[in-house]
Amino acid sequence: MKERLDSHRLSNGMVILGEPMADVESASFYFLVPAGNAHYPEGCSGAGQIISDWLFRGAGSRDSRTLIDILDELGIHRNSSITAENLSVSASLESANLPAALDLYADILTTPLLEDDQFEPSRQLAIHELAGLDDDPQHKVRLLVTEQFYPAPYNRPTEGKKDDLENMTADVCRRIIQRQFDWSQCIFSIAGKYDFPAICALLEKRFAHLSGTGVERPAAGSSGQQYTHEANEGAQVHIGLMTRVPTIQDSRYYEIMAAVSILSGGMSSRLFTEVREKRGLCYAVGARYQSLKDHAAISCYAGTTPEQAQETLDVTVEQFRRLREGFSDEELHRAQIGLKSTLIMQSESSAARAAGVAGDYYYLGKVRTLQEIRQKIDSVSRSSLLAFLNDNPFDDFTVATIGPKPIQL
Amino acid sequence: MIFKHRQLENGLTIIGENHPHAQTTAMGFFVRTGSRDETPEISGVSHFLEHMIFKGTDTLNWQQVNEAFDGIGAKFNAFTAEENTVYYAAVLPEFLPDVARLWSQLMRPSLREDDFNIEKNVILQEIAMYKDMPQFDVLDQARALHFGSHPCGNSTLGTEQTIGDLKVEQMRDYFSRRYAPNNLVAACCGNLDFDRFCELIESICGHWKPAQADRSLSVFEGTRQRKHIQKETLARHHICLISPMVSMQDPRRFAASLLGMIIGDDSGSRYFWSLVDPAIAEAASMQAETMDGIGAMYSYICCEPAAAPKVADIIKGIFSDLSRNGIQEKELTAAKNKVLSAMTLKSEQPMGRIFGLGFNWVYSRLYRTLADDIAAVRAITVDDVNQLIAEFPPGLYSCLSMGPDAQENPLF
């Protein structure tokens, strides 16, 4: 199938992108605004959690209850997420309901009611969710290691900090919205079944008059400790581990993806084979690539019983380090097949495509075609991957553990 | 969209739904076996066996199996529940024969003792992992409480004790009874050639011998017991309520799933407005789980320990209001729209569609198109749901909670 990308820029700079899909009745859209966690003033970590809930408590002429009722009546599956850099809200729905849904989302994003009496429950929910992390050590260890790995303020936990959430006020959050919802930097994407001119006309009417606020990405400070441990009398030791790699803009991005895939792409991958299959050390072990605009990592998680925690960490780190010693042609081939197959599977999901299109534009300033990605995956060779691994030998790890006792790096 | 099915002489059923424009194809084996088919001494064997399937056959070792899946870029996995063990994969259409051949071969595993001993550790790790996840632990223990001695209360994972004591011979014996061809359905969905698929399955599985693979079905109303477990290491109060509901074979299952959505969807439901929106609980959900000849409604609520009494009062209030006044037309319309749009979105990918397709056949020997399911949901009336509430009052539940505090008297 020939790929098509629709694109348009509103007069205020907001970018509209669309990727049509054949044979579907649904559509997904995605708004990305530069209102992530690193952008907030000091002492405001977690504000994004509150804001993404508060926005849906009434907008335009509709109070909280009416708004949710209408979203539900339209059968909209909604989502929102916060990273260090961005806040995104997205929706998947039957294509026929698109105009009504977009109109509602325009209200939610540009004229939310942000009432005082609705602020408190949003803040309380954020506090509860943060407290709930203590019962979810697998998730919590990822936040712990992220906090040590990335330089400040890109290391802030998206769930926030207890003191920050407890001191947060409605006014502070309103100011963050006012400043960070910079529509000149907003990226809107849509995938599935849609009418592009109609979408553009609707967004033009609702967003084009809203100007930019001059948001800039904050400067990066210093990173945290190499090892952190949090005591917890659970059944398992949870290990989070991160190591630095180039960002998605780097020309060796596909070499990184191949390396991650050899390490953790499937059940024949190094981590699964060595840690779980041969030694039975873990049920869950895996690594993935994650990137911000200027910083990127391979992030790894393993959960094991306390007696086996040290061996699990040692074997895991060894797998990273041994990669530079070489790999078989079959391993590289499986990695390439796995990456291409993932790509095609994602192309069948309008939600995955809408997020992918917006993400590409944010990181790269353009949207890669699936064809282009396929070619780049195929162009990774034994020598290009070895050259990358020579330059990036995975010598440096940031580690966090949650469990009964610490382990040795 | 064209549906075809065929039954081999040994009882193995093959079903396929062709979507000629799909870019991928999903395929899976549905084995009608799970924890409810286990006796206490082999508790956890179905799930352990699911892991052992990946350890290979007489001609394939575990490494070759893993490499074979990864070599065709398959997105594959398996899961074990109370009454099904499902092995599935999505691939590009040209790899359907490869993945179908692989799964078919794996349905006759070697179950080698050395693999068994290594994998036992992985299972013990998995049991430890779920112990650190109270949101799962509370559900598992609530199920045991609600179903009492009924086999639907059996734990899928088993315990450290039962897994530790399990012998490979016991697993082989269980396998020979439960993985008989007459207890298996091979399903595929997406861009495919059904006749070629059937030929392939028959060439590998056609000679397998059928066996007795019954399941005792008995209706059970639940124990309606209450239990609180104090765990000082927990930060939050986790609550699970279970009440009886219709079975998967009952046409009212669509009304049951709408009722679950009206009470406990994560947006706009009764739980949402009275618990989550005012920030009394951070999570509150209810859903229908319709099973073989039996069914249940499951609620899960998570809140700060001090809020638990308030949560209990609110939930009791919701249930008594539903029993007194029933649901409103508006709630039903919203629930329908949400269910319909979820069904549509899910079925746009073969990997989303394969489960509905397979389970319909496993439970009812029925093919239902997406359009059939949509029509069934659309046809539900307020009266249908209210009759369900009258017959299965949500207030007649079993309740298990877990939290850092002690509790003298049950809150719920």
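These figures come from a predicted structure and were not determined experimentally. (Residues numbered from 1 in each chain as written. Chains lettered and ligands numbered in written order. Predicted model: local features only at pLDDT ≥ 70, side-chain atom pairs only at ≥ 80, totals over all residues.)

1. Looking at the overall build of chain B
Next, step 1: Along its length, chain B carries 15 helices and eleven strands.
Next, step 2: Taken over the C-alpha trace, chain B has a radius of gyration of 22 Å; the compact-globule value for 412 residues is 22 Å, and the two agree within 12%.
Next, step 3: When the backbone C-alpha atoms are referred to their principal axes, chain B occupies close to 60 × 50 × 35 Å.
Next, step 4: Taken across its 412 residues, chain B has 52% of its residues classed as buried.
Next, step 5: Partitioning the intrachain contacts of chain B with sequence separation of at least 6 by distance along the chain shows that 81% fall at a separation of at least 24. (Helix = DSSP H or I, 4+ residues; strand = E, 2+ residues; numbered from the N terminus. Rg over C-alpha atoms; globule rule 2.2 N^0.38 Å. Buried ≥ 20, exposed ≤ 12 C-beta atoms within 10 Å, placed from the backbone. Contact = placed C-beta atoms within 7 Å.)

2. Focus on the overall build of chain A
Next, step 1: From N to C terminus, chain A includes 15 helices and eleven strands.
Next, step 2: Relative to a compact globule of 409 residues, whose C-alpha radius of gyration would be 22 Å, chain A shows 22 Å and is just as compact.
Next, step 3: If one aligns the C-alpha atoms of chain A with their principal axes, the spans along those axes are about 60 × 50 × 40 Å.
Next, step 4: Taken across its 409 residues, chain A has 51% of its residues classed as buried.
Next, step 5: Sequence separation of 24 or more characterises 82% of the internal contacts of chain A that already satisfy a separation of 6 or more.

3. Here's the deal with the packing of helix α9 (residues 253-264) of chain B against helix α12 (residues 329-347) of chain B
All names here are of chain B.
Next, step 1: One way to put it is that α9 packs onto α12 with a least axis distance of 9 Å and a crossing angle of 110 degrees. When the axis of α9 is compared with that of α12, the two are roughly perpendicular. Counting all contacts with α9, which are made through Ser-257, Leu-258, Met-261 and Ile-262, the residues of α12 involved are Glu-331, Leu-332, Ala-335, Lys-336, Lys-338 and Val-339. (Axes fitted to C-alpha atoms, helices over the stretch in contact; angles between N-to-C directions. Parallel < 35°, antiparallel > 145°, perpendicular 65-115°, else oblique.)

4. Description of the nonpolar core
Buried together is how nonpolar side chains tend to be arranged in soluble globular proteins.
Next, step 1: By size, the foremost hydrophobic cluster in this structure holds 128 residues, and its most contacted members are Ala-259 of chain A together with Ala-89, Val-99, Trp-103 and Ala-187 of chain B.
Next, step 2: Examining the composition of this core, we find that nine residues originate from one element, helix α9 (residues 253-264) of chain A, more than from any other.
Next, step 3: Leu-125 and Tyr-194 of chain A together with Leu-258 and Leu-332 of chain B belong to the second largest nonpolar core, which has 120 residues in total. (Core = buried A, V, L, I, M, F, W, Y, C linked by C-beta atoms within 7 Å.)

5. A look at the packing of helix α1 (residues 45-53) of chain B against helix α7 (residues 168-178) of chain B
All names here are of chain B.
Next, step 1: Running from N to C, α1 and α7 point in directions that differ by 90 degrees, and their axes come no closer than 10 Å. Classed by the angle they form, the pair α1 and α7 counts as roughly perpendicular. Residues Val-45, Phe-48, Leu-49 and Met-52 of α1 lie in contact with α7, whose contacting residues are Gln-170, Met-171, Tyr-174 and Phe-175.
Next, step 2: Looking at the contact of α1 with α7 residue by residue, the class counts come to seven nonpolar, one polar and no charged. (Nonpolar A, V, L, I, M, F, W, Y, C, P; charged D, E, K, R; others polar.)

6. Let's talk about unusual backbone geometry
Note on backbone geometry: most residues besides glycine have negative phi, and most peptide bonds are trans.
Residues and elements named next belong to chain A.
Next, step 1: A cis geometry characterises the amide bond from Ala-152 onward to Pro-153, with omega recorded as 0 degrees.
Next, step 2: For Pro-153, the location among the structural elements is in the loop between α5 (137-149) and α6 (162-167).
Next, step 3: Phi at Asp-23 takes a positive value of approximately 60 degrees, unusual for a residue other than glycine.
Next, step 4: By secondary structure assignment, the location of Asp-23 is in the loop between β2 (15-20) and β3 (26-33).
Next, step 5: For Asp-23, a count of 13 C-beta atoms within 10 Å gives the class partly exposed.
Next, step 6: A positive phi angle is found at Leu-114, which is not glycine, with a value near 45 degrees.
Next, step 7: Its place among the elements puts Leu-114 in the loop between α3 (98-110) and α4 (116-132).
Next, step 8: C-beta crowding within 10 Å serves as the criterion here: with 20 such atoms nearby, Leu-114 is assigned to the buried category.

7. Quick notes on the sheet that holds strand β8 (residues 237-245) of chain A
Residue and element names in this part refer to chain A.
Next, step 1: Spatial ordering of the open sheet is given by β7-β11-β8-β10-β9, a layout of five strands whose pairing is mixed. The open sheet has two free edges, formed respectively by β7 (227-231) and β9 (285-291), since each of these has just one partner strand. Neighbour to neighbour, the strand axes of the sheet diverge by 15 degrees on average, direction disregarded.
Next, step 2: Sheet topology places β7 next to strand β11 (residues 398-403); five bridges connect them, and they run parallel. (Pairing = 2+ DSSP bridges.)

8. Here we look at the environment of Gly-192 of chain A
Residue and element names in this part refer to chain A.
Next, step 1: The residue Gly-192 is located in strand β6 (residues 187-192) in this model.
Next, step 2: Overall, Gly-192 belongs to the buried group, with 26 C-beta atoms counted inside 10 Å.
Next, step 3: C-alpha separation for the pair Gly-192 and Val-24, spaced 168 residues apart in sequence, amounts to 6.4 Å.
Next, step 4: Excluding residues within four positions of it along the chain, Gly-192 makes contact with Met-21, Val-24, Ser-26, Ala-27, Ser-28, Ser-95 and Ser-350.

9. With respect to the domain arrangement of chain B
All names here are of chain B.
Next, step 1: The domain boundaries assigned to chain B delineate domain 1 (2-205) and domain 2 (226-403).
Next, step 2: Between the C-alpha centres of domain 1 and domain 2 there is a distance of 27 Å.
Next, step 3: Of the residues lining the interface, 33 residues belong to domain 1; the matching set on domain 2 comes to 23 residues.
Next, step 4: Where the side of domain 1 that touches domain 2 is concerned, the elements lending two or more residues are β1 (2-7), β2 (13-18), β3 (25-31), β5 (85-91), α5 (134-147) and β6 (184-190). (Domains from an automatic or database assignment.)

10. Description of the interface of chain A and chain B
Next, step 1: At the interface, 53 residues of chain A touch 50 residues of chain B.
Next, step 2: The set of elements that each furnish at least two residues to the side of chain A that touches chain B consists of α2 (64-73), β5 (87-94), α4, α10 (270-277), β10 (296-304) and α12 (329-346) of chain A.
Next, step 3: Looking at the side of chain A that touches chain B residue by residue, the class counts come to 17 nonpolar, 20 polar and 16 charged.

11. What to know about the confidence of the model for chain B
Next, step 1: For chain B, mean pLDDT is 95; residues scoring 70 or higher make up 100% of the total.
Next, step 2: Across the interfaces of the predicted complex, the ipTM metric reaches 0.92, alongside a pTM of 0.94. (pLDDT = per-residue confidence, 0-100.)

12. Section: the environment of Gln-212 of chain B
All names here are of chain B.
Next, step 1: In this fold, Gln-212 is placed in the loop between α8 (194-205) and β7 (226-230).
Next, step 2: Given 8 C-beta atoms within 10 Å, Gln-212 falls into the exposed group.
Next, step 3: For the pair formed by Gln-212 and Asp-265, sequence separation is 53 residues and the distance between their alpha carbons is 41 Å.

13. Some remarks on the sheet that holds β3 of chain A
Residue and element names in this part refer to chain A.
Next, step 1: If you trace the six strands from one edge of the open sheet to the other, you get β1-β2-β6-β3-β5-β4, paired in mixed fashion. If you trace the sheet from one side to the other, it starts and ends with β1 (6-9) and β4 (77-82), each paired once. Strand after strand, the sheet turns through a mean of 15 degrees between neighbouring axes, direction not considered.
Next, step 2: Bridge analysis of β1 against β2 gives four bridges, and the strand direction is antiparallel. Bridged to Ser-7 within β2 is Leu-17.
Next, step 3: Against the sheet, helix α8 (residues 196-207) contacts β1, β2 and β6, and its axis sits at roughly 155 degrees relative to β2.

14. Focus on the domain arrangement of chain A
All names here are of chain A.
Next, step 1: What the domain assignment lists for chain A is domain 1 (6-207) and domain 2 (227-403).
Next, step 2: Inter-centroid distance (C-alpha atoms) of domain 1 to domain 2 is 28 Å.
Next, step 3: In this complex, domain 1 contributes 32 residues to the contact, which on the side of domain 2 involves 30 residues.
Next, step 4: For the side of domain 1 that touches domain 2, the secondary structure elements donating two or more residues are β2, β3, β5, α5 and β6.
Next, step 5: Top element by residues in the side of domain 1 that touches domain 2 is α5. It accounts for nine residues.
Next, step 6: When the residues that make up the side of domain 1 that touches domain 2 are grouped by side-chain class, the tally is 20 nonpolar, eight polar and four charged.

15. Let's talk about helix α15 (residues 382-391) of chain A
Residues and elements named next belong to chain A.
Next, step 1: Those residues of α15 that fall on the buried side of the exposure criterion are Leu-385, Phe-388 and Leu-389. Around the axis of α15, the buried residues are gathered within 95 degrees of arc, so they sit on the same side. Along α15, the residues that are exposed and aim more than 90 degrees away from the buried face are Ser-383, Asn-390 and Asp-391.
Next, step 2: Structurally, α15 contributes buried residues whose contacts are with α9 and α12. (Arc of directions from axis to C-beta.)

16. Details of helix α11 (residues 309-322) of chain A
Residue and element names in this part refer to chain A.
Next, step 1: Given a rise of 1.5 Å per residue, 14 residues ought to cover 20 Å, and the 20 Å separating the end C-alpha atoms of α11 matches this to within 8%.
Next, step 2: Within α11, the full set of buried residues consists of Ala-309, Thr-312, Leu-313, Val-315, Thr-316, Gln-319 and Phe-320.
Next, step 3: If you follow the buried residues of α11, they end up packed against β8, α9, α10, β9, β10 and β11. (Expected span 1.5 Å × (residues − 1).)

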